[in-house]
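Overview (structure and organization)
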Amino acid sequence: MCGIVGYIGSQRAYDILIQGLKRLEYRGYDSAGVALVDDAGHLTVHKSMGKVANLEQVAAAGPLDGSLGIAHTRWATHGEPSDLNAHPHVSQSGMIALVHNGTIENYAVLKKVLIEHGYEFKSETDTEVLVQLIEYIKLTSSCSLLDAVREALLQVEGAYAIAVVEQNDPDNLIVARKSSPLVIGVGDGETFIASDATPIVGYTDKVIYLKDNEIALLRRNEPVQILSLTDNKPSTINIQKLRLSLAQLEKGGYDTFMLKEIFEQPSTLRDCLRGRIVDKANRVVLSGVELNKDKFLNAERITLVACGTSWHAALIGKRLIQDFCKMPVEVEYASEFRYGNPVLNEKDIVISISQSGETADTLAAIQLAREKGAFVYGICNVVGASIPRNTDSGTYIHVGPEIGVASTKAFTGQVTVLTLLALSVGHLRGAIDQKTLHEVASALEKMPATIEKALKVDAEVQKLSRIFTYAHNFLYLGRGYNYPTALEGALKLKEISYIHAEGYPAAEMKHGPIALIDHEMPSVIIAPSDSLYDKIISNVQQVKSRGGAVVAIISKGNKAMSEIADFCIEIPEVPECLTPLVASIPLQLLAYYIAVNKGKDVDQPRNLAKSVTVE
Ligand code: F6R
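Notes on the structure in this doc start here. Predicted, not measured: the structure shown is a model, and the values here were computed from it.

1. Overview of the overall build of the protein
Each helix and strand counted, the protein has 21 helices and 26 strands in total. For a compact globule of 615 residues, the expected C-alpha radius of gyration is about 25 Å, and the protein comes in at 26 Å, within 12% of that figure. Projecting the C-alpha coordinates of the protein onto the three principal axes gives extents of approximately 80 × 55 × 45 Å. Within the span of the protein, comprising 615 residues, buried residues form 61% of the whole. Within the protein, contacts between residues separated by at least 24 positions form 71% of all contacts whose residues are at least 6 apart in sequence. Of the roughly 23,100 Å² that the protein leaves accessible, carbon and sulfur atoms contribute 49%. Between the mean site of the 60 positive side-chain charges and the mean site of the 72 negative ones, the protein shows a separation of 5 Å.

Below, the structure is given as C-alpha cells:
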C-alpha cells in the first residue's frame with residue numbers, strides 16, 4: 001500500500017527519493033510523486049500515474065534541485081488513480097506540500113468547513129483536505145508549521161503517516177504517525193524517513209520507529225526531536241540497529257523476487273528454525289513461550305487472527321495446536337474479529353499472524369483483544385513493525401524481507417513457527433508424548449533439506465504449467481491439514497495470474513462446486529499419503545467421472561493416485577502435520593509459471609498491496 005520516503009541532508013534529495021520509491025514499489029501502488037525544496041526555498045512538485053519510471057520521465061524536465069524532499073507511491077483509496085490524485089498534495093497558496101498514508105475518516109466534514117473559508121480543491125483525495133487544513137491553521141493563527149501540523153492532526157479522525165515540507169523553510173521536515181508505519185533513519189548529518197526500512201538500507205543502520213501519536217521535527221544538522229501529539233511533551237528517543245542488508249533487497253540472479261523467495265525457502269527455514277529445536281530434537285524452545293509459561297499453562301482457549309495467506313497459515317496452526325496441545329482453538333479473519341464483539345478474558349490467548357506486521361485489521365484486532373484482557377502473542381516477519389510492538393510477546397519468523405507481493409517464504413515460515421509453538425506449548429501442558437514431539441521436531445529440523453528436494457520438481461511444474469495457462473477456472477481440493485494448503489494454492493494462482501481459482505475441502509465439493517466441473521475446469525488435488533488419503537481418492541474419482549482434468553500432489557512413490565489422476569507431482573514424505581510445508585512448494589511454482597506464461601507482473605500484481613495498512 002502507499003509508501004512514503006523523505007530526506008533532509010546534504011545530498012541531492014531527488015536521487016535518494018527516487019531510489020527509495022523504487023524500493024517501496026513492492027508495497028503496491030498506482031501513481032507516484034515527489035516534492036523538493038531547494039536551498040533558496042522554492043518548492044517543486046512532480047507527479048505521475050503508473051510506475052516510478054513514469055515519474056522519472058515526467059520529472060526529467062526538472063527542476064530537481066534541493067537537499068530536502070518528500071515522495072510517495074499511492075494506492076488509491078479516495079479518488080481514482082490519476083495525476084491529480086497522486087501525492088504530494090500542495091496547499092492552496094502553494095506554500096506547503098504533504099504526503100500521506102492512511103485514511104482521514106472525517107475528511108468530508110473538514111472539507112466543507114474549508115470550502116466555507118474559501119478553499120478550493122483540485123483532487124478527490126482526503127489528503128488534500130489535510131494539507132489545506134494545515135495551511136489554514138498556520139495562516140489564521142500565525143503559528144509555526146510544527147504547531148499547525150499538530151493542531152490539524154488533533155482535528156483528524158483516522159489513520160495516517162505523513163511527511164510535510166514548507167517552501168520557505170529548506171531546513172525543516174515534519175513527520176507524524178497514527179496507525180500507519182513510519183521509520184526515521186538517523187545518518188551522519190542527514191535524516192531519512194520511510195514507510196518501512198527498505199529505502200534506508202545502505203545509508204544508515206540507525207533507525208527510530210515512530211510511535212502512534214508522535215510527531216517528529218527533523219531539522220537540518222540537528223538531532224531528531226520527537227513530541228507527543230496529544231500533550232506536546234518530548235518523547236524518549238530509542239535508536240535501534242537495523243538488521244537488513246542490501247543483498248536481501250535484490251533479486252540475486254533470479255528473474256523475479258517471487259522466484260527468488262520460492263527458492264530461498266530452504267535457507268529461510270534454516271534461519272527460522274535456528275536455535276529453536278534443541279536436545280537432539282527432544283525439546284523446542286521459543287523464548288516468547290518460555291517467558292510466559294504461566295499464560296500458556298493456564299490458557300483455556302487460543303484464537304488465531306490474521307488476513308489472507310497468514311489466515312491460511314492460521315488454519316494449519318489450529319490443527320497443530322488442537323493435535324499437540326489438546327485445547328480449543330478458533331481462527332478468525334482479523335477484519336471480522338475486530339467488529340464481531342469477541343468474548344475474551346484473561347484466560348484467552350490471541351495469536352496474531354502477519355508477515356508485514358502492519359496489516360490494519362490485524363493490528364486493530366490485537367488492540368481489541370488486549371483491551372478485553374487477553375494475552376496477545378504475535379507471529380511476525382518484519383522486525384520492529386507495529387504488530388510486534390503492540391503484542392505482549394511473540395516470535396519472529398526470520399525469513400528476511402519478502403518483496404514479491406504474493407507471499408511464499410513467509411507462509412512456510414509462519415507454518416514452521418506455528419508447528420514449533422504447538423510442540424512447545426503441548427510439551428509445557430503435558431499434552432504431547434515425547435515420541436511424537438521427537439518425531440515431528442526431527443522432521444522439522446530436516447525441513448530445509450526436505451524443501452530443497454521438493455524444489456526439484458521445478459522443471460516438471462514449469463512444463464505442466466503450459467498445459468493449463470489458458471484455463472479460466474481452477475479448483476484446489478485438500479482435506480485435513482491440506483484444506484488450508486488448497487486455499488493457499490488457489491490464492492497464489494488468483495493473485496498473480498488473475499485466473500479464478502477456488503480452494504475447497506475435498507469432501508465438500510459434492511455439496512455444490514461439483515456442478516462446475518467439466519473438461520475445461522482442472523482440479524489440483526493435494527493428496528499426500530496421510531490419514532485421509534483413501535477418502536480423497538474417492539473425491540478424485542468424482543471429479544474424473546465428470547470429465548475434469550486432475551493434477552495431484554502426492555507423496556513420493558504413491559501408485560494409487562497416479563493411476564487415476566492425469567498428472568502427478570511428487571513431494572517428499574514427511575509426517576502428516578508437516579505436509580502443508582512441502583505441498584505448498586509445487587503450488588507456488590505452478591501459480592508462478594502460469595502467471596509468467598501469461599506475461600503477468602508476478603512481483604507487483606494489479607490492485608494488490610504488500611502491506612495492507614488501510615481497513
Ligand atoms: C497473499 C498475501 C496476502 C497477505 C495479507 C496479510 O499472498 O500476501 O494475502 O497474506 O494481506 O498480510 P500480512 O501477513 O502482512 O498481515
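2. Re the side chain of Glu135
Note that Glu135 resides in helix α4 (residues 126-141). It is Lys138 that comes nearest to the buried, bridge-free Glu135 among opposite-charge side chains, at 8.9 Å. Polar side-chain contacts of Glu135 include one of 2.4 Å to the side chain of Ser91. Excluding residues within four positions of it along the chain, Glu135 makes contact with Ser91, Gln92, Ser93, Gly94, Met95, Ile96 and Tyr119.

3. Let's talk about the pairing of strand β11 (residues 206-209)
One ladder, built from three bridges, connects strand β9 (residues 183-186) with β11; its direction is antiparallel. Following the sheet pairing, Val183 is matched in β11 by Tyr209. With two bridges joining them, β11 and strand β14 (residues 240-241) adopt antiparallel strand pairing. Its bridge partner being in β14, Val207 is matched across the sheet by Gln240.

4. Observations concerning the side chain of Ser555
Looking at the element boundaries, Ser555 is found in strand β25 (residues 550-555). One polar contact links the side chain of Ser555 to the main-chain amide nitrogen of Ser529, over a distance of 2.8 Å. Setting aside anything within four residues of it in sequence, one finds Ser555 in contact with Ala527, Pro528, Ser529, Ile571 and Glu573.

5. A closer look at the nonpolar core
In this structure, Leu304, Phe474 and Tyr476 are the most contacted members of the largest nonpolar core, which totals 95 residues. Here this core takes 12 residues from helix α21 (residues 579-597), the largest share from any one element. The contacts of Tyr476, once residues within four sequence positions are left out, are Ala486, Gly489, Ala490, Leu493, Ala501, Glu502, Gly503, Tyr504, Val524, Leu587 and Leu590.

6. A look at the sheet that holds strand β12 (residues 214-219)
A sheet is described by the order of its strands in space; here six strands give the open sequence β5-β6-β7-β8-β12-β13, paired in antiparallel fashion. Single-partner strands in this sheet number two, and they are β5 (89-90) and β13 (225-228). Those strands touched by helix α5 (residues 145-155) are β6 (96-104), β7 (158-166), β8 (172-178), β12 and β13, and its axis lies near 160° from that of β7.

7. Quick notes on the site of the ligand
Close to the ligand lie 15 residues, the nearest being Ser310, Ser354, Gln355, Ser356 and Thr359. In this structure, an oxygen atom belonging to the ligand sits 3.0 Å away from a side-chain N or O atom of Lys492. With the chains in place, 89% of the 400 Å² that the ligand exposes on its own is no longer accessible. Elements represented by at least two residues in the shell around the ligand include exactly α10 (308-325) and α18 (483-497). When the residues that make up the shell around the ligand are grouped by side-chain class, the tally is five nonpolar, eight polar and two charged.

8. Looking at helix α12 (residues 360-371)
In this model α12 runs 17 Å from its N-terminal to its C-terminal C-alpha over 12 residues, within 8% of the 16 Å that 1.5 Å per residue would give. Counting buried positions over the 12 residues of α12 gives nine, a clear majority of the element. Looking only at α12, the buried set comprises Ala360, Asp361, Thr362, Leu363, Ala364, Ala365, Ile366, Leu368 and Ala369. Next to the buried residues of α12 lie β17 (301-306), α11 (334-337), β19 (348-354), β20 (375-380) and α13 (386-389). Gly373, located one to two residues past α12, shows a positive phi value of around 95°.

9. Things to note about unusual backbone geometry
Here Gly62 and Pro63 are connected by a cis peptide whose omega angle stands at -5°. Along the chain, Pro63 turns up in the loop between α2 (52-59) and β4 (68-74). For the bond running from His87 to Pro88, omega is 0°, close enough to zero to count as cis. Tracing the chain through its elements places Pro88 in the loop between β4 and β5. Notably, Asn232 is not glycine yet its phi reads approximately 65°, a positive angle. Here Asn232 lies in the loop between β13 and β14. Positive phi outside glycine occurs at Tyr498, with the angle close to 65°.

Calculation notes
- Residues numbered from 1 in each chain as written.
- Predicted model: local features only at pLDDT ≥ 70, side-chain atom pairs only at ≥ 80, totals over all residues.
- Heavy atoms only, no water.
- Helix = DSSP H or I, 4+ residues; strand = E, 2+ residues; numbered from the N terminus.
- Rg over C-alpha atoms; globule rule 2.2 N^0.38 Å.
- Buried < 20%, exposed > 50% of the residue type's maximum accessible area, 1.4 Å probe, protein only.
- Contact = heavy atoms within 4.5 Å.
- Areas by Shrake-Rupley, 256 points an atom, 1.4 Å probe, with all protein chains shown as cover.
- Lys, Arg positive; Asp, Glu negative; His and termini not counted.
- Charge placed at Lys NZ, Arg CZ, Asp CG, Glu CD.
- Salt bridge = Lys/Arg side-chain N within 4 Å of Asp/Glu carboxyl O.
- Polar contact = N/O pair within 3.5 Å; in protein donor to acceptor, adjacent residues only side chain to side chain.
- Pairing = 2+ DSSP bridges.
- Core = buried A, V, L, I, M, F, W, Y, C linked by side-chain atoms within 4.5 Å.
- Axes fitted to C-alpha atoms, helices over the stretch in contact; angles between N-to-C directions.
- Near = heavy atom within 4 Å.
- Nonpolar A, V, L, I, M, F, W, Y, C, P; charged D, E, K, R; others polar.
- Expected span 1.5 Å × (residues − 1).

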